[in-house]
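# Secondary and tertiary structure notes
Listed below are the residues making up each chain.
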Amino acid sequence: MGVYSFPILIAVLILFLIAVHTAIPWLIYTYRKYGYFSFWSTFIILTFIFYALSAYFLVILPLPDVRDTCAMQSADTKYFQLIPFYFVYEIFSSGNINWLQPASYINIVRHSAFLPSLFNVFILLPLGVYVKYFFSKTMTLKRMVLIGFSVSLFFEITQITGLYGIYNCPYRLFDVDDLILNTLGAVIGFKIAPLILALFPSKDQPLVKAEKVFRAGTVSAMPKLLAIVIDYYVVAFVWLIFSLIFQIDHGPIEFFSKLLGLFILQFVMPLLTGGKTIGTIVLRFTLVQEEAGYSFRRALLKRWIGLITPWILGNTFLVVTRYAQLDMESDFYVFKVWMQVIVLGLWILIVAVLCIHIIYVLFRPRTRQFYFDKATGIGARFNKDTKYP
């Protein structure tokens, strides 16, 4: 079992790394396409990635300990098996099977060539199901045969080339039976896919819900938060390029530059564009004033102040810690220490409260608002020109 469990464990670890590093791009894509987080679409994508990784690692792992695999092999080592259905010949020629004795038929299953052959059928069977799900309207049996054969050929080329030249000799056999059985498995998966997919929600279900969400125009809390994250990353990226070009490494300059950038993106830009920032444009919605208590200008300014306050406190602590250097003999050293403790304490308290608030809003009904929107009467609506999926 270790031969199979180790590649699957590696696939799980890599899937986790992929999920962590692509979480924000995936959320942006999901909210841009559907207007809400589609758990079903996410589940399908993650399971497909996991399957693809598992299938690939089952083919290439375990890797040899050395690159010089030729030195580990005898001179008469065979790298090719080009006789179709040779596994059938192996089973019936050395499996002690007597057709007149039904009890001997169990030896077919017990033969050493049976399980690898069955595994080669099953390894691409899920591929046929996924292809049917993703391309149900355009995929034909002939195309499925071509896809299954191509994927299997990719696996075999990977093996016969020694992982594309990393090893100087192949460490696994190029077997034409693998091509046949892999392709057969993909076709079987394609044909039985309707029976399996009938147990799960329809592929069109997220699209139907997305149309309702866009028609209603209501924007949930998550895309609002993502829009703010996008705005910050834009400012951080611009500063990174600017600092690299002019070779600037100065905390206060970075602090005030980012503060100015966030002011432009989250106050000046929506004021000039009627409620749009770079983040809201990406996610296809617009900030609107839902309450008449303030002018839109004043509401945007208060919203920006509410957004920026935790960030200012955090960066103030970092700047003070980095640049406020005093000798321990100085009369002001105690003052510096207390100032750092107070600022750090306030920042930790605000971050903790902010995290609790964000979690509370995200996991409560969509009518809940973030503090900076509720206090200013700022809401959000999907753009009128938003096209339904």
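Each remark here, short or long, concerns the structure printed above.
Notes on the structure follow. Predicted model only: the values in this text are computed from it and were never measured.

When its secondary structure is counted, the protein shows 17 helices and 4 strands. Relative to a compact globule of 389 residues, whose C-alpha radius of gyration would be 21 Å, the protein shows 30 Å and is clearly more extended. On the principal axes, the C-alpha backbone points of the protein span a range of 95 × 60 × 40 Å. Among the 389 residues that make up the protein, the fraction classed as buried is 37%. By sequence separation, contacts in the protein at least 24 residues apart represent 75% of the contacts at least 6 residues apart. Accessible surface for the protein amounts to roughly 23,300 Å². Of this, 71% is attributable to carbon and sulfur atoms. Charged side chains in the protein number 32 positive and 20 negative. The centres of these two groups are separated by 17 Å.

For the rest of this paragraph, the subject is the packing of aromatic side chains. Under the counting rule described, the total for this entry stands at 30 aromatic pairs. When the ring of Trp239 is compared with that of Phe242, the centres are 6.0 Å apart and the planes differ by 35°; the resulting orientation is tilted. A residue pair is termed a helical-turn pair when its members lie 3 or 4 positions apart in one helix, as Trp239 and Phe242 do in helix H12 (residues 221-246) at 3 residues. Phe242 gets classed as partly exposed once you look at its relative accessible area, which sits at 37%. Pairing Phe255 with Trp311 gives two aromatic rings, centres 5.4 Å apart and planes at 5°, and the pair type is stacked. In this pair, Phe255 sits in helix H13 (residues 251-273) while Trp311 sits in helix H15 (residues 296-323), placing the two residues 56 residues apart along the sequence. Pair check on accessibility: Phe255 and Trp311 agree, each one buried. Ring-pair connections join several aromatic residues into one group, and the members of that group are Phe39, Trp40, Phe43, Phe48, Tyr51, Tyr130, Tyr133, Phe134, Phe135 and Phe200.

What follows deals with a nonpolar patch on the surface. There is a patch of nonpolar side chains on the surface, built from Phe237, Val238, Leu240, Ile241, Phe242, Leu244, Ile245 and Phe246 and spanning about 820 Å² of accessible area. Take Val238: it is sitting in helix H12.

Looking now at the nonpolar core. Formed by 23 residues in total, the largest nonpolar core has its most connected members in Tyr51, Phe57, Ile60, Ile123, Leu124, Leu127 and Met144. Breaking this core down by element, the ones donating at least two residues are helix H1 (2-21), helix H3 (39-60), helix H7 (125-134), helix H8 (141-160) and helix H10 (176-197). Core analysis: the second largest hydrophobic core is formed by 21 residues, Ile28, Val213, Phe214 and Ala380 among them.

Turning our attention to the state of the cysteines. Scanning the model with the defined rule gives 1 disulfide in all. Bridging Cys70 to Cys169, the disulfide has an S-S length of 1.6 Å. An S-S torsion of about 85° defines the bridge between Cys70 and Cys169 as right-handed. In this pair, Cys70 sits in the loop between H3 and strand E1 (80-81) while Cys169 sits in the loop between helix H9 (162-165) and strand E2 (174-175), placing the two residues 99 residues apart along the sequence.

Definitions and cut-offs
Residues numbered from 1 in each chain as written. Predicted model: local features only at pLDDT ≥ 70, side-chain atom pairs only at ≥ 80, totals over all residues. Heavy atoms only, no water. Helix = DSSP H or I, 4+ residues; strand = E, 2+ residues; numbered from the N terminus. Rg over C-alpha atoms; globule rule 2.2 N^0.38 Å. Buried < 20%, exposed > 50% of the residue type's maximum accessible area, 1.4 Å probe, protein only. Contact = heavy atoms within 4.5 Å. Areas by Shrake-Rupley, 256 points an atom, 1.4 Å probe, with all protein chains shown as cover. Lys, Arg positive; Asp, Glu negative; His and termini not counted. Charge placed at Lys NZ, Arg CZ, Asp CG, Glu CD. Phe/Tyr/Trp six-rings, centres within 6.5 Å; stacked < 30°, edge-to-face > 60°. Patch = residues over 30% accessible without salt bridge, like charges linked within 9 Å, V, L, I, M, F, W, Y side chains within 5 Å. Salt bridge = Lys/Arg side-chain N within 4 Å of Asp/Glu carboxyl O. Core = buried A, V, L, I, M, F, W, Y, C linked by side-chain atoms within 4.5 Å. Disulfide = S-S within 2.5 Å.

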